[in-house]
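So the chains spell out like this:
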Amino acid sequence: MKISKFKLGNGDVVDLIKSQNSTYLKDPDTGCTITSNNHFGYVERCYEYLLKKYNILNSKLCIIHMGVGFGYDLLYVDSVFKKLTEDYRMIGVDLIDYGDLRVSLDKFSCPIKFYSQDVMKYLQHSRQKDFRDDLNFNCCVVLFVDLFLKGNTPISLIYDKKFWIRIRDSINPHHIVINLCGGSKTHPIVSDNLEIKNYTKKGCLEFYELSR
């Protein structure tokens, strides 16, 4: 096992731990990790629920993860959907450029892009048509928000009105899922700025279906 230091996007320094089978970024103060292991229970629960509750496979799929880390969570999602459909693509956004720590694109079965930038800058340069394949918008767009830096509460941006207005105007997804971990509900701020058709909270996850 090799242990070195890695600087996060906010300047904090955490431990980079490399073993034979996995790589971790670990905050020595809180114990929170970013990992290359495929142990993403909350991601698994997210897509189990979406597949069971909604007909998301009836259209082409565009899956966007904000706070994607090394990208192995999307590799897990790819392993699920490649057995169900060929009509999907994925996008991962994260503030930090993980370089060689990020999962290789050639491991994916679908088109995928990673963006190493602040999510507000990403949204600023995004347009709704970027996530839909035709002029009729015949596509189901799923946005997974998993924005953390340190600790077990999301960054304050997810409780900011401007974030949700930008998501509405730049992406306009059909479904939004938010990983809260130990944070408080986003429903008050989200419902004030987006037209919500259905809302459910299951464990640490909030599920929003938007009105069309």
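Residues numbered from 1 in each chain as written. Predicted model: local features only at pLDDT ≥ 70, side-chain atom pairs only at ≥ 80, totals over all residues. Heavy atoms only, no water.

## Brief notes about the overall build of the chain
- In terms of helices and strands, the chain carries five helices and eleven strands.
- For 212 residues, the compact-globule estimate of 2.2 N^0.38 gives 17 Å, and the C-alpha radius of gyration of the chain, at 17 Å, lies within 12% of that figure.
- Each principal axis of the C-alpha distribution contributes one length, and for the chain these read about 50 × 35 × 30 Å.
- Residues classed as buried in the chain amount to 47% of the 212 residues present.
- Partitioning the contacts of the chain with sequence separation of at least 6, the portion at a separation of at least 24 is 62%.
- Positive and negative side-chain charges in the chain, numbering 29 and 25 respectively, have mean positions lying 1 Å apart. (Helix = DSSP H or I, 4+ residues; strand = E, 2+ residues; numbered from the N terminus. Rg over C-alpha atoms; globule rule 2.2 N^0.38 Å. Buried < 20%, exposed > 50% of the residue type's maximum accessible area, 1.4 Å probe, protein only. Contact = heavy atoms within 4.5 Å. Lys, Arg positive; Asp, Glu negative; His and termini not counted. Charge placed at Lys NZ, Arg CZ, Asp CG, Glu CD.)

## Quick notes on the pairing of strand 9 (residues 175-179)
- Counting buried positions over the five residues of strand 9 gives five, a clear majority of the element.
- Across the two faces of strand 9 the burial is the same, with His 175, Val 177 and Asn 179 and Ile 176 and Ile 178 all buried.
- In this structure, strand 8 (residues 139-145) lies alongside strand 9, joined through four bridges in parallel fashion. Considered in strand 9, the bridge of Phe 144 is made with Val 177.
- What joins strand 8 to strand 9 is helix 4 (residues 161-170), and the crossover it makes is right-handed.
- Pairing geometry for strand 9 and strand 11 (residues 205-210), over five bridges, is antiparallel. Counterpart to His 175 in the pairing with strand 11 is Glu 209. (Pairing = 2+ DSSP bridges. Right-handed = clockwise from strand over helix to strand, strands pointing away.)

## Thoughts on the packing of helix 1 (residues 41-53) against helix 2 (residues 72-81)
- Direction vectors running N to C along helix 1 and helix 2 enclose 35 degrees, while the axes themselves pass 10 Å from each other. Where helix 1 crosses over helix 2, the handedness of that crossing is right-handed. Across the interface between the two elements, Val 43, Glu 44, Tyr 47 and Leu 51 of helix 1 pack against Asp 73, Tyr 76, Val 77, Val 80 and Phe 81 of helix 2.
- For the contact of helix 1 with helix 2, the residue count by class is seven nonpolar, no polar and two charged. (Axes fitted to C-alpha atoms, helices over the stretch in contact; angles between N-to-C directions. Left-handed = near helix turned anticlockwise from the far one by under 90°. Nonpolar A, V, L, I, M, F, W, Y, C, P; charged D, E, K, R; others polar.)

## Digging into the confidence of the model for the chain
- Here the chain averages 88 in pLDDT, while 90% of its residues score no lower than 70.
- Taken element by element, the predicted model of the chain shows its lowest mean pLDDT in strand 4 (residues 33-35) (67) and its highest in strand 11 (98). (pLDDT = per-residue confidence, 0-100.)

## Brief notes about helix 2
- For helix 2, a buried count of eight out of ten residues is recorded, marking the element as mostly surrounded by other parts of the structure.
- Restricting attention to buried positions, one finds in helix 2 the residues Tyr 72, Asp 73, Leu 74, Leu 75, Val 77, Asp 78, Val 80 and Phe 81.

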